[in-house]
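If you want the building blocks of each chain, they are given just below.
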Amino acid sequence: MEYCESERSEIAYQILKTLPASRISYSFWRLNIQMKQDPLSTLTYDIVLKVCGYLLPNDLANISRLSKRWNVLANDNLLWKSLFYSNKWTVSNLYQFNINHNVFFYTPNTLDYTKPEILKTANDQVNNRLSEEIDELGLDMEWSLPASLAIDVLQNENSSISPSPIDMSAISFSPGTSLGSTNIGSMNFQADLPSYQLPSFVETDNTGEFNLISDDLLNETSAVAEMLDFAVTSNDHSPIQQSSTHDKEIKVNDTISTKHSNEVDHWKYIYFQRYKLEFNWRYGVYSVIDLISHDEAIYCVQFDDSKIISGSRDNTIKYWDLETGKCQRTFQGHLGSVLCLQYDSSVLVTGSSDSTIIVWDLFTGTLNRKLIGHTDSVLQLQFDKDILVSCSRDKTVKIWSISTGNLLKTLRGHQAAVNAVRFANGMIVSGSGDRTLKVWNFKTGDLIRNIEGHSRGIVCLAFDGTTVYSGSSDTTIKVWNVFSGTLIHTLTAHTELIRTIQFNSRYIISGSYDNSIIIWDIDTGEVLHKLTRHESRVLNLQFNDTKIVSCSQDHHLLIWDFTVGLTHPEYFLHKDKCNR
């Protein structure tokens, strides 16, 4: 005779009632062990890793505390590598080289200062804690400043690696005031801590004094700090180890994961370094370097991880060393303002209000060739290998061969100055003061599509082969499908003409005659930050994964660096890669 579940349960209960208390307690102990059986114990390790790949980092932080088995699982190297790439993040060639050669630059113990209990303290408690830490390290500094920035100063003071381009430890801080500026070489450095959405202990008001942050933001930053703490917590599978200030690099053959011996065991650390970089972009944590450069308005700029090249109304192009801020070379040859430029590994091409295009040797400054064909100012250009496309106030778009200087094709159709041009995926897109975008067949020069929607002239555009982003003097940014001409989004936040626009897979960044730069979420169109350091019209900008470089009518180049608090920002720099 078989009993149902409820009947068996009742029988067990009646039997237990007949036992003495000691035996009942023993039975409960055995049952408790049975109830706590690890649900993953019957699964293979690879399947468990696949399941954990769907968890968020804070979930992994929680399960790492359950048991030794779960701790090992939550710190698995390939799991964190998978999570890293699932965010469509990439690493630089330098970092890939270190992976291939089992070399990793370890961090000193200063990352421990991001423990969540620090973030949960109020202003006096924060300063007391920092005072203790500073005294222990023997640092000579005054410390009435946001704790997140103080942490970064401590990290740089105690770092075991070569200093970043701007050594923050050289900056003097005064209690209760805004961060001052310091000249380093020919650069003027200021740490910028906006009063909105500031992920640190304090916010700044209009006077520059520090105030306590809101409870909501405190909770959010505390959660982030907890995850960062998880990222550096020592365990058997963590690559983060103590190193002396004399150790520049450490071989990690003895710390390779036992389960995946071909992988250097540090992907969790790199994930949280990249997470912190993303956090800085999202919540406006950055430093600003003011590169005092040209004597007149700066119209165009491009940069990579080692240099910045700028063109100005003073008729010159300047080549700047990004690390030192010093001008390495000045290109002279144009008879008018330099309005646009682009360079690759060996060639620099510039367009001017003198209606000419000049091809330069990037490293010697030699003028290789002058392209003559436009009859008015050259407003924008783009090249890929030997093919160059330019647009002009003369209402035309022209296609050139860089190597021969020959004009290959002229595209006509706009009724006003062609202010912007970009090409990709076999198409050329041009934007004009006649309020239209035109899509051309690259090979034939035929007009494929005319796109209308702006109420005033189009000033700038960005194009990736599928989507067009256009900025106009009507103060809006419009997002279009290039194949159908359909309007996808309209972004509104600027108050004057939009002069420059760039985008990547996460952000749209625009600069305007309202003196501001706006960072937008590319998926939602939400304004993440409005950067307002320029004192006049923003004329051009470029950005990569770690910084924005912008130029203005105020004669200044500003470098907005979002690597605050990162130990190895060079691992996320892609040489000569910049969003255009």
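Quick look at the structure, then. (Residues numbered from 1 in each chain as written. Predicted model: local features only at pLDDT ≥ 70, side-chain atom pairs only at ≥ 80, totals over all residues. Heavy atoms only, no water.)

What follows deals with the sheet that holds strand 31 (residues 527-531). Sheet architecture is open: 4 strands sit in the order 28-29-30-31, paired in antiparallel fashion. Two strands in the sheet have a free side with no partner beyond their single neighbour: strand 28 (498-503) and strand 31. Neighbour-to-neighbour, the strand axes of this sheet turn through a mean angle of 15 degrees, independent of strand direction. Note that strand 30 (residues 517-521) and strand 31 share 4 bridges and pair antiparallel. Opposite Ile519, over in strand 31, you have His529 as the bridge partner. (Pairing = 2+ DSSP bridges. Helix = DSSP H or I, 4+ residues; strand = E, 2+ residues; numbered from the N terminus. Axes fitted to C-alpha atoms, helices over the stretch in contact; angles between N-to-C directions.)

A separate point is a nonpolar patch on the surface. Residues Met1, Tyr3, Ile11 and Ile15 make up a contiguous nonpolar surface patch of about 470 Å² in total accessible area. When its relative accessible area of 48% is taken as the criterion, Ile15 is described as partly exposed. (Patch = residues over 30% accessible without salt bridge, like charges linked within 9 Å, V, L, I, M, F, W, Y side chains within 5 Å. Areas by Shrake-Rupley, 256 points an atom, 1.4 Å probe, with all protein chains shown as cover. Salt bridge = Lys/Arg side-chain N within 4 Å of Asp/Glu carboxyl O. Buried < 20%, exposed > 50% of the residue type's maximum accessible area, 1.4 Å probe, protein only.)

This model, assessed by the stated rule, comprises 0 disulfides. Here Cys340 is not disulfide-linked; the sulfur of Cys300 is the nearest cysteine sulfur, at 6.4 Å. On the basis of relative accessibility, which here comes to 4%, the residue Cys340 falls in the buried class. (Disulfide = S-S within 2.5 Å.)

We now examine the sheet that holds strand 18 (residues 396-401). The strand order 16-17-18-19 describes an open sheet built from 4 strands, whose pairing is antiparallel. The outermost strands of the open sheet, each flanked by one partner alone, are strand 16 (378-384) and strand 19 (407-412). The mean inter-strand angle of the sheet, taken between neighbouring strand axes irrespective of direction, is 15 degrees. Of the strand pairs in this sheet, strand 18 and strand 19 are connected by 5 bridges, and their pairing is antiparallel.

It is worth spelling out the packing of helix 6 (residues 77-86) against helix 12 (residues 267-283) at this point. Direction vectors running N to C along helix 6 and helix 12 enclose 25 degrees, while the axes themselves pass 8 Å from each other. If you check the angle between helix 6 and helix 12, you find them roughly parallel. As helix 6 packs across helix 12, the resulting crossing turns out to be left-handed. Contacts between helix 6 and helix 12 involve Asn77, Trp80, Lys81, Leu83, Phe84 and Tyr85 from the former and Trp267, Lys268, Ile270, Tyr271, Phe272 and Arg274 from the latter. By residue class, the composition of the contact of helix 6 with helix 12 is 8 nonpolar, 1 polar and 3 charged. (Parallel < 35°, antiparallel > 145°, perpendicular 65-115°, else oblique. Left-handed = near helix turned anticlockwise from the far one by under 90°. Contact = heavy atoms within 4.5 Å. Nonpolar A, V, L, I, M, F, W, Y, C, P; charged D, E, K, R; others polar.)

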